[in-house]
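Coordinate analysis (summary)
This is what each chain is made of:
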Amino acid sequence: MLVIGNRRQPPNERWNLIYDFLYIKIMDDPAPRELVWIGSSRRDLRNFPSTVRRTFGVALYAVQLGETPPDAKPLRGFGGASVLELIEDHDGNTYRAVYTVRLARKVYVLHAFQKKSTRGVATPKREIELIRGRLKRAEQLHSTVG
């Protein structure tokens, strides 16, 4: 649920607010940043339930327009807010998408996965290592292609 002021917004009102915001933003700045998928992140995201795909899609589009989605959180261990994660719960499962805006003019989606661990909210170590490797790959791509 989206909270505006002290009032909680039902999911359908939340979507209306997000779409209205994006429409206004698009009219102000029609040139979004390029979205670059690293590794299997796009294929992995396509395997998520449609509501999760839609939520992440809208959030990533907001990032392309230069906004930070309200649900985005910095991923620990990456030095500040340069690597962020989106988290969405659906039918008792938790889905995550990790992206970076560290590299100018492009948004790199580093990883998308379903969190399977039942212990706590921490991102599993193997997922963190995969994200680190993909961040290095994104940095290499950015330095060669620009």
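Shown above is the structure to which this text applies.
Only a predicted model underlies this, so the values are computations on that prediction, with no experimental measurement involved. Throughout, a residue's number is its position along its own chain's written sequence, starting from 1. It should be noted that, the model being predicted, local features are given only for residues of pLDDT at least 70 and side-chain atom pairs only at 80 or more, the latter also being counted only at that level, while totals for whole chains, interfaces and linings use all residues. Derived side-chain values reflect all non-hydrogen atoms in the structure, with water molecules and hydrogen atoms excluded from consideration.

Only runs of H or I of at least four residues qualify as helices and only runs of E of at least two qualify as strands under DSSP, and these elements are numbered from the N terminus. The secondary structure content of the protein amounts to four helices and seven strands. Secondary structure elements of the protein, listed N to C terminal, follow the sequence β-β-α-β-α-α-β-β-β-β-α. A contact between two residues is defined here by any heavy atoms of the two lying within 4.5 Å. Looking at the protein alone, contacts between residues at least 24 apart form 55% of all its contacts between residues at least 6 apart. Summed over its atoms, the accessible surface of the protein is roughly 8,900 Å², and 51% of this surface lies on carbon and sulfur atoms. Here the accessible surface of atoms and residues is derived via Shrake-Rupley with a 1.4 Å probe, and residues count as covered only by protein chains that are part of the display.

An expected span of 1.5 Å times one less than the residue number is assigned to each helix. A rise of 1.5 Å per residue sets the reference length of helix α3 (residues 50–64), with its 15 residues, at 21 Å; its end C-alpha atoms lie 21 Å apart and thus fit the reference within 8%. When a residue's accessible area, from a 1.4 Å probe over protein chains only, is under 20% of the maximum for its type it is buried; when over 50% it is exposed; and in between it is partly exposed. Taken as a whole, α3 has its buried residues at V52, T55, F56, V58, A59, L60, A62, V63 and Q64. With its phi angle positive at about 95°, G66 sits one or two positions after the end of α3.

A few words now on unusual backbone geometry. At D91, a position not held by glycine, the phi torsion is positive, near 50°. Mapped onto the elements of the fold, D91 is located in the loop between β5 (83–90) and β6 (93–100). Judged by its relative accessible area of 67%, D91 is exposed.

Attention now goes to the environment of V107. Residue placement: V107 occurs in strand β7 (residues 106–115). What makes V107 buried here is its relative accessible area of 0%. Put simply, V107 and W37 are 70 residues apart on the chain and 8.5 Å apart in space, counted from C-alpha to C-alpha. If near-sequence neighbours (up to four positions away) are discounted, V107 is found in contact with R33, E34, L35, V36, V63, Q64, Y99, T100 and V101.

For β7, the tally of buried residues reaches nine of 10 residues, placing the bulk of the element in the interior. Following DSSP output, two strands are said to pair if at least two bridges run between them. Across four bridges, the pairing between strand β3 (residues 34–37) and β7 is parallel. Across the sheet, V36 pairs through a bridge with Y108, a residue of β7. Note that β6 and β7 share seven bridges and pair antiparallel. From the neighbouring strand, Y95 faces β7, where its bridge partner is Q114. Counting the residues in the hairpin turn of β6 and β7 gives five residues, including R105, whose phi is positive at 70°.

Looking at the element boundaries, S40 is found in the loop between β3 and α2 (41–46). At 3.1 Å, the side chain of S40 forms a polar contact with the side chain of R134. Any pair of N or O atoms that falls within 3.5 Å is considered a polar contact. Within protein, one atom must be able to donate a hydrogen and the other to accept it, and sequence-neighbouring residues count only if both atoms are side-chain atoms.

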